[in-house]
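Fold and geometry: a report
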Amino acid sequence: MKPVFIALDFVDAPTALKFLEPFKDVKPLAVKVGMELFYREGSIIIEALRDQDIDVFLDLKLHDIPHTVLQAAKQIGQLNVQFTTVHSLGGSEMIKAARRGLNEGAKQAGVDAPQLLAVTQLTSTSEEQLHDEELVPVSMAESVSHLAKIASQSGADGVISSALENDLIHQAVSEEFKCINPGIRLPNNSVDDQKRVVTPTRAFELDTSGIVVGRSITQSDNPVKTYKDIYNAVNGGIK
Ligand code: C5P
């Protein structure tokens, strides 16, 4: 089944755990912990979530020299999380170091190693920025598919991408390579700061491997029902 990661974009652990209380009998349940919450709470929030058998996507987007990433990834590998992220712009050696670190950390802790997802170009990067600031001469699409290929060859299991890029990435790498998609909105939701959004049903049609959903669930009047509806839709069920 394709996971729906609820983005726990909350300031601290008590707020995040309070939000999750009504979900206590909901299975499967998966969440994304990002920098905001992790920098505040550290591994305590991860332990609290794993104790409740919740799958965790720890989204820290590592990007540093390979040795530092190796050491950081060893720490993440011990946390028993299911997914984590690196920037593919850090290069093949750095991505390989992340993969190795995750495997070594997980082995040391006697847990399964997390799947490694790569960020290609941030969705906040514009085509102009790519050309004018980074001096990258190729198009955004070419850069994204090239970086996805490098990530795959370096041991990543997939990428974070707009659902609209899934086809391009699957063609460039393979059908098995995971495309996890944020930028999801329900038909009646406001778009907020996201630019190119798709509905859960459209993400299913675009062959998503799983989606990240924040405000559509966290700001819903009935978060549990919204989560279940989205989960069904992204798995090819209800519209
Ligand atoms: O509230 P919303 O559904 O827009 O939240 C999406 C989540 O996914 C946020 O945690 C955001 O940081 C993250 N994300 C994103 N776009 C990316 C990568 C991550 O929106 N390209």
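Residues numbered from 1 in each chain as written. Predicted model: local features only at pLDDT ≥ 70, side-chain atom pairs only at ≥ 80, totals over all residues. Heavy atoms only, no water.

All residues in the neighbourhood of the ligand are listed as A7, D9, K32, T123, P182, R185, Q194, V212, V213, G214 and R215. At a separation of 2.8 Å, an oxygen atom of the ligand approaches a polar backbone atom of G214. In the environment of the ligand, an oxygen atom lies 2.7 Å from a nitrogen or oxygen atom belonging to the side chain of R215. When the ligand sits alone it has 460 Å² of accessible area, and the protein chains cover 81% of it. Assessed atom by atom at 2 Å from the grid points, the ligand resides in the largest pocket. Across the shell around the ligand, the residue classes tally to 4 nonpolar, 3 polar and 4 charged. (Near = heavy atom within 4 Å. Polar contact = N/O pair within 3.5 Å; in protein donor to acceptor, adjacent residues only side chain to side chain. Areas by Shrake-Rupley, 256 points an atom, 1.4 Å probe, with all protein chains shown as cover. 1 Å grid on protein atoms, 1.4 Å probe; cavity = no way out; pocket = protein on both sides within 12 Å on 5 of 7 lines; lining within 4 Å. Sits in = over half its atoms within 2 Å of the grid points. Nonpolar A, V, L, I, M, F, W, Y, C, P; charged D, E, K, R; others polar.)

What follows deals with a negative patch on the surface. A cluster of acidic side chains, namely E127, E128, D132, E133 and E134, defines a negative patch on the protein surface. By secondary structure assignment, the location of E134 is in the loop between α6 (127–132) and α7 (140–153). (Patch = residues over 30% accessible without salt bridge, like charges linked within 9 Å, V, L, I, M, F, W, Y side chains within 5 Å. Salt bridge = Lys/Arg side-chain N within 4 Å of Asp/Glu carboxyl O. Lys, Arg positive; Asp, Glu negative; His and termini not counted. Charge placed at Lys NZ, Arg CZ, Asp CG, Glu CD. Helix = DSSP H or I, 4+ residues; strand = E, 2+ residues; numbered from the N terminus.)

Annotation from UniProt places "active site" (unreviewed entry) at D59, K61 and D64. Residues from the annotated list that form part of the lining of the largest pocket: D59 and K61. Mapping D59 onto the fold places it in strand β3 (residues 55–62). In contact with D59, other than residues within four places in its own chain, are K32, V33, G34, M35 and T85. Looking at the element boundaries, K61 is found in strand β3. Beyond its immediate stretch of four places on either side in the chain, K61 contacts M35, T85, V86, H87, V119 and L122. (UniProt positions renumbered as here; feature names shortened; annotations may be inferred. Contact = heavy atoms within 4.5 Å.)

Now for the sheet that holds strand β1 (residues 4–7). Strand order in the closed barrel made by the 8 strands is β1-β2-β3-β4-β5-β6-β7-β8, with parallel pairing throughout. Strand-to-strand twist across the sheet, computed as the mean angle between neighbouring axes with direction ignored, equals 25 degrees. Relative to the sheet, helix α3 (residues 43–51) contacts β2 (30–33) and β3, its axis offset from that of β3 by approximately 155 degrees. Against the sheet, helix α4 (residues 66–77) engages β3 and β4 (83–87), with an angle of about 165 degrees to β3. (Pairing = 2+ DSSP bridges. Axes fitted to C-alpha atoms, helices over the stretch in contact; angles between N-to-C directions.)

Turning to the packing of aromatic side chains, a few remarks are in order. Going through the model one piece at a time under the given rule, you end up with 7 aromatic pairs. Between the aromatic rings of F10 and F19, the centroid separation amounts to 5.2 Å while the plane-to-plane angle is 40 degrees, which identifies the pairing as tilted. Across this residue pair, the class does not change: F10 and F19 are buried. Pairing Y227 with Y231 gives two aromatic rings, centres 6.1 Å apart and planes at 35 degrees, and the pair type is tilted. Here Y227 pairs with Y231, and both are found in helix α11 (residues 223–234), just 4 residues apart, close to one helical turn. The burial state of Y227 is the same as that of Y231; both residues are buried. Members of the aromatic cluster, joined through ring pairs, are F10, F19, F23, Y227 and Y231. (Phe/Tyr/Trp six-rings, centres within 6.5 Å; stacked < 30°, edge-to-face > 60°. Buried < 20%, exposed > 50% of the residue type's maximum accessible area, 1.4 Å probe, protein only.)

A word on the packing of helix α1 (residues 13–20) against α3. At a minimum axis distance of 11 Å, the contact between α1 and α3 shows a crossing angle of 15 degrees. In terms of axis orientation, α1 runs roughly parallel to α3. Pair α1 / α3 crosses with right-handed handedness. Contacts from A13, L17 and L20 in α1 reach I45, A48 and L49 in α3. Its residues placed into classes, the contact of α1 with α3 shows 6 nonpolar, no polar and no charged. (Parallel < 35°, antiparallel > 145°, perpendicular 65-115°, else oblique. Left-handed = near helix turned anticlockwise from the far one by under 90°.)

This brings us to the layout of surface pockets. The volume enclosed by the largest pocket comes to roughly 1,200 Å³. Considering the residues around the largest pocket, the lining is formed by 43 residues, among which T123, S124, P182, G183 and Q194 are closest to the centre. Taken as a whole, the second largest pocket spans an internal volume of roughly 180 Å³. Lining the second largest pocket are 15 residues, with M1, P3, F5, A30 and D55 positioned closest to its centre. Contributing elements (two or more residues each) for the lining of the second largest pocket: β1, β7 (178–181) and α11. In the lining of the second largest pocket, the residues fall into 11 nonpolar, 2 polar and 2 charged. (Points joined across faces, edges and corners; volume = space filled by probe spheres on them.)

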